[in-house]
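Results of the structural survey
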Amino acid sequence: MTGEPKPGHTVTSRYDAQVLEDADRAADPWAGVDGAALARAVRAQAGRPVTGIDDMASYLARQVSDTSHREVVGPLLDGAGASGVVVRHGTVLASWGDPTRPEMAYSATKSVLSLVAGIAHDDGLLRLDEPVSAAIDLPQFADDHGRAITWRHLLDQTSQWEGELWSKPTWVDAQSTREGTESPGGPPGAGWAYNDVRVNLTALALTVLLRRALPEVLRERVMLPVGASDTWSWHGYSTSFVDLEGTRLPVVSGGAHWGGGLWINALDLARLGHLCLRRGRWNGHQVLSLRWIDALWTPCPVKPEYGLSWWLNDHRTVWPTAPTTGRCARGNAGTHTLWVDPARDLVIASRWGGDVETLLTEVSAAVPSRP
């Protein structure tokens, strides 16, 4: 029967054969799949848990390499071990750990933030190449540099904005200099840097633009339409609020560098990946526009392996041994990864697992690409 493993395929948990999207049930998810190789890859990943995550405060303190302003200002969630799912044609082929337990998504949150930006785009509120200051009034976009920042600059991490937000200055984030692709003092678009303060500025700008808390928008416009659980949550910092006409709105963070961020389970994360794989469509309903999905995966001119807060493996820069057809959201050096491969109609969500590149490579080898 379609959606159930054929003889010889190893069922690894009770979540196997769960159908995420009803509209996709006509396709046989096991067609051409090397079930034994898939089972080996999943078992191996289950055996590569990241250690120390049961005490997230200590774990995060070891991860952050900032020399100052290291204080955690957002909530933390202790981890519970490696978990994940492999989804093809909208059906779960394999899973490991507990894929229903929410975990901190770390910087995979940034890719979800870009989905919320897509809602603003589809509603006609956001135009990628127009200045942010044309749509909203915030002091961060009031000087000459700020007025030149577009929404694209914010979402592809090329804004090169300098300042302080929620007590964290941009210069303190040690991630900014690790790539060597920033253009210090240069105009927006001239350099790229992975900077959580700037991503938090993006979340602030989107909150002001939409005039609603971003988790509410995500829940109503994306999570409910794709049938996600109610176990996910999205957090900011203790001081990250904005007042809009007398209403105080929380502003979420775009990662977990100082705590907070998206807390979500592997199955719900896979649903978001499948939505992007289906080019924004879910059970006959266009949740996000085709145009926005294309924009997400358009390479940044100064960082070709990066789109609008999504990583692109076109040149095998992100994961050298994984297919060039993959796109991903990733956090904490890949210990949280959402892999989307349109060529294989494949989604992999991996949480708190080490050596994710091996998982992506081995599962991809077990799943045939389209002719």
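Residues numbered from 1 in each chain as written. Predicted model: local features only at pLDDT ≥ 70, side-chain atom pairs only at ≥ 80, totals over all residues. Heavy atoms only, no water.

1. A few points about the packing of helix α3 (residues 108-122) against helix α8 (residues 214-223)
For the pair α3 and α8, interaxial distance at closest approach is 10 Å and the crossing angle is 75°. The angle between α3 and α8 places the two elements in the roughly perpendicular class. Contact residues: V112, L113, V116 and I119 in α3; L214, V217, L218, R221 and V222 in α8. Of the residues that constitute the contact of α3 with α8, the class distribution is eight nonpolar, no polar and one charged. (Axes fitted to C-alpha atoms, helices over the stretch in contact; angles between N-to-C directions. Helix = DSSP H or I, 4+ residues; strand = E, 2+ residues; numbered from the N terminus. Parallel < 35°, antiparallel > 145°, perpendicular 65-115°, else oblique. Contact = heavy atoms within 4.5 Å. Nonpolar A, V, L, I, M, F, W, Y, C, P; charged D, E, K, R; others polar.)

2. With respect to the pattern of salt bridges
Per the counting criterion, the structure on display carries 18 salt bridges. Between R327 and D314 there is a salt bridge whose closest N-O contact spans 2.9 Å. Of this pair, R327 sits in strand β12 (residues 327-331) while D314 is found in the loop between β11 (311-312) and β12, placing the two residues 13 residues apart along the sequence. Judged by its relative accessible area of 12%, R327 falls in the buried class. What you see here is one network of salt bridges that share partners, running through E21, R278, D345 and R370. (Salt bridge = Lys/Arg side-chain N within 4 Å of Asp/Glu carboxyl O. Buried < 20%, exposed > 50% of the residue type's maximum accessible area, 1.4 Å probe, protein only.)

3. Topic: the pairing of strand β8 (residues 261-264)
Summarising the sheet, strand β3 (residues 103-104) and β8 pair through two bridges and their orientation is antiparallel. Bridging from a neighbouring strand, E103 pairs with I264 of β8. Where strand β6 (residues 233-244) and β8 come together, three bridges link them in antiparallel fashion. The partner of H235 across the bridge, within β8, is G261. (Pairing = 2+ DSSP bridges.)

4. Observations regarding the packing of helix α1 (residues 35-46) against helix α11 (residues 356-366)
Two elements in contact, α1 and α11, have axes whose closest approach is 8 Å; the angle formed by their N-to-C orientations is 170°. With respect to their mutual orientation, α1 and α11 come out roughly antiparallel. Of the two possible hands of crossing, α1 and α11 adopt the one that is left-handed. Across from A37, L38, A41 and Q45 in α1, the residues of α11 making contact are V356, L359, E362, V363 and A366. Class assignment for the residues of the contact of α1 with α11 results in seven nonpolar, one polar and one charged. (Left-handed = near helix turned anticlockwise from the far one by under 90°.)

5. Notes on the packing of aromatic side chains
The tally for this structure, following the rule as stated, stands at nine aromatic pairs. For the ring pair Y59 and W352, a centre distance of 5.3 Å and an interplane angle of 90° mean the geometry is edge-to-face. Here Y59 is found in helix α2 (residues 56-63), whereas its partner W352 is found in the loop between β14 (346-351) and α11, with 293 residues between them in sequence. Exposure remark for Y59: the relative accessible area of 4% places this residue in the buried category. Aromatic side chains Y194 and W311 sit 5.9 Å apart centroid to centroid with 45° between the ring planes, which places their arrangement in the tilted category. (Phe/Tyr/Trp six-rings, centres within 6.5 Å; stacked < 30°, edge-to-face > 60°.)

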